[in-house]
Amino acid sequence: MEFGIFAGLLAILAVAVIMMGVKQVPQGFEWTVERFGKYTHTLRPGLAIILPFADQIGAKLTMMEQVLDIPSQEIITKDNAMVRVDAVIFFQVVDGARAAYEVSDLERAIRNLTLTNIRTVLGSMDLDEALSQRDHINSRLLSVIDGATAPWGLKVTRIEIKDIAPPRDLIDAMGAQMKAEREKRARVLEAEGVRQAQVLRAEGEKSARILDAEGRKQTAFLDAESRERQAEAEAKATDMVSEAISKGSVQAINYFVAQKYIDALGKIASAENQKVILMPLEASSVIGSLAGIAELAKSAFSKDKMV
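The paragraphs below set out a description of the structure included in this document. (Residues numbered from 1 in each chain as written. Predicted model: local features only at pLDDT ≥ 70, side-chain atom pairs only at ≥ 80, totals over all residues. Heavy atoms only, no water.)

## Side note on the overall build of the protein chain
Secondary structure summary: the protein chain contains eight helices and eight strands in total. Across the 307 residues that make up the protein chain, the buried fraction comes to 24%. Summing over all exposed atoms, the protein chain offers an accessible surface of approximately 21,400 Å²; the carbon and sulfur share of this is 59%. (Helix = DSSP H or I, 4+ residues; strand = E, 2+ residues; numbered from the N terminus. Buried < 20%, exposed > 50% of the residue type's maximum accessible area, 1.4 Å probe, protein only. Areas by Shrake-Rupley, 256 points an atom, 1.4 Å probe, with all protein chains shown as cover.)

Okay, here's the thing in structure tokens:
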């Protein structure tokens, strides 16, 4: 009876010891094993066996990517502007043993390291650079912090500046400056529009003057050609009259006198300062001259037919 109880106790103790030596590590985690307080190895996800009583689990570390908020802090920029900055950092444990034993309080160490480097980077930049070059700031912080945390078995994947908040008076001044810049650009665009309009107007006037000059040139050419033809016609008529006079034709003389007489009357009638026109009494002479013109024309036409 007593032996049976003792055997049962041994069996229970053996099962308990075996259970103490069997460990199941969840996916995404790694556990460190310490033997009598000294690190020996790391357990990967799955089923693992350790020595009961001699080995114990030291640290349980997540190997998944983690997000750590960086609290806001006030920073003085290179041009003595006070800004409030906060950020977020993404990191992953790649070596569980180093993350467990190379640094104490891993998250606190990462947070303080990030705060310090944010002050260093932004403190070396002007306010305008800090506000406009956020990607550059993130790249510099990532390079520095990733290199500093590598001995801790970490891989920093991203650092993002969430907000850079200048004081209220500085925001108002920046708003006034932006408004002034917009008004300046508007005035420049308006002046550019006026200049373009003046240029187009001048080009239009130039084209109009060129066309007008071309028109006057063409008109003068046509007038000159008309006068040339008229002069040729008059010269031909004069030659005909001269030939008729040389042959003793009185009608030709009447034609010549009547033409000059009619031209003189036309000039008198077209003068602006003449209100009353006095017709000469020798109207019969004019009529006779016109009759001479008619006879001369008939003679010329009959001569052309005979030719």
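## Considering the sheet that holds strand β7 (residues 82-93)
Strand order in the open sheet formed by three strands is β6-β7-β8, and the pairing between neighbours is antiparallel. Two strands in the sheet have a free side with no partner beyond their single neighbour: β6 (66-76) and β8 (154-165). For this sheet, the mean angle separating the axes of adjacent strands, direction not counted, is 20 degrees. Contacts between helix α3 (residues 106-123) and the sheet are confined to β6, β7 and β8, with β6 contributing the most and set at about 40 degrees to the helix. Across the sheet, helix α5 (residues 134-149) lies against β7 and β8, angled at about 145 degrees from β8, the strand it touches most. (Pairing = 2+ DSSP bridges. Axes fitted to C-alpha atoms, helices over the stretch in contact; angles between N-to-C directions. Contact = heavy atoms within 4.5 Å.)

## Here we look at the pattern of salt bridges
Under the counting rule described, the total for this entry stands at nine salt bridges. Salt-bridge contacts for D69 lead to K162; the nearest nitrogen and oxygen are separated by 3.9 Å. You can see D69 sitting in strand β6 and its partner K162 sitting in strand β8, a full 93 residues away along the chain. The class of K162 is partly exposed, set by a relative accessible area of 45%. A salt bridge links R98 to D95, with the nearest nitrogen and oxygen atoms 3.8 Å apart. Among the residues examined, D95 registers a relative accessible area of 29% and is labelled partly exposed. (Salt bridge = Lys/Arg side-chain N within 4 Å of Asp/Glu carboxyl O.)

## Notes on the environment of K23
Relative to the helices and strands, K23 resides in strand β1 (residues 22-25). Here K23 falls in the partly exposed class, since its relative accessible area comes to 24%. Each C-alpha atom of the pair K23 and L43 lies 8.8 Å from the other, and the pair is 20 residues apart in sequence. If sequence neighbours within four positions are ignored, K23 has contacts with W31, L43, G46, L47, A48, I50 and I57.

## Quick notes on a nonpolar patch on the surface
A grouping of I18, V22, L47 and I49 is seen on the molecular surface, where their side chains present a nonpolar patch of about 430 Å² in accessible area. Structurally, I49 can be placed in strand β4 (residues 46-49). (Patch = residues over 30% accessible without salt bridge, like charges linked within 9 Å, V, L, I, M, F, W, Y side chains within 5 Å.)

## Re the packing of aromatic side chains
Where two aromatic rings form a pair, the distance of their centres and the angle of their planes describe that pair. One pass over the full model with this rule turns up one aromatic pair. Aromatic side chains Y39 and Y101 sit 5.4 Å apart centroid to centroid with 50 degrees between the ring planes, which places their arrangement in the tilted category. You can see Y39 sitting in strand β3 (residues 38-43) and its partner Y101 sitting in helix α2 (residues 96-101), a full 62 residues away along the chain. According to the relative accessible area criterion, Y39 is partly exposed, its value standing at 31%. For Y101, a relative accessible area of 36% puts it in the partly exposed group. The side chain of K60 reaches across the aromatic face of W31, ending 4.4 Å from its centre. (Phe/Tyr/Trp six-rings, centres within 6.5 Å; stacked < 30°, edge-to-face > 60°. Lys NZ or Arg CZ within 6 Å of the ring centre and 35° of its normal.)

## Overview of unusual backbone geometry
You will see that N80, though not glycine, has its phi angle at about 65 degrees, which is positive. Here N80 is to be found in the loop between β6 and β7. Judged by relative accessible area, N80 falls into the exposed class, the value being 68%. Although it is not a glycine, D105 adopts a positive phi angle of roughly 60 degrees. Inspection of the secondary structure puts D105 in the loop between α2 and α3. By relative accessible area, which is 45% here, D105 ends up partly exposed.

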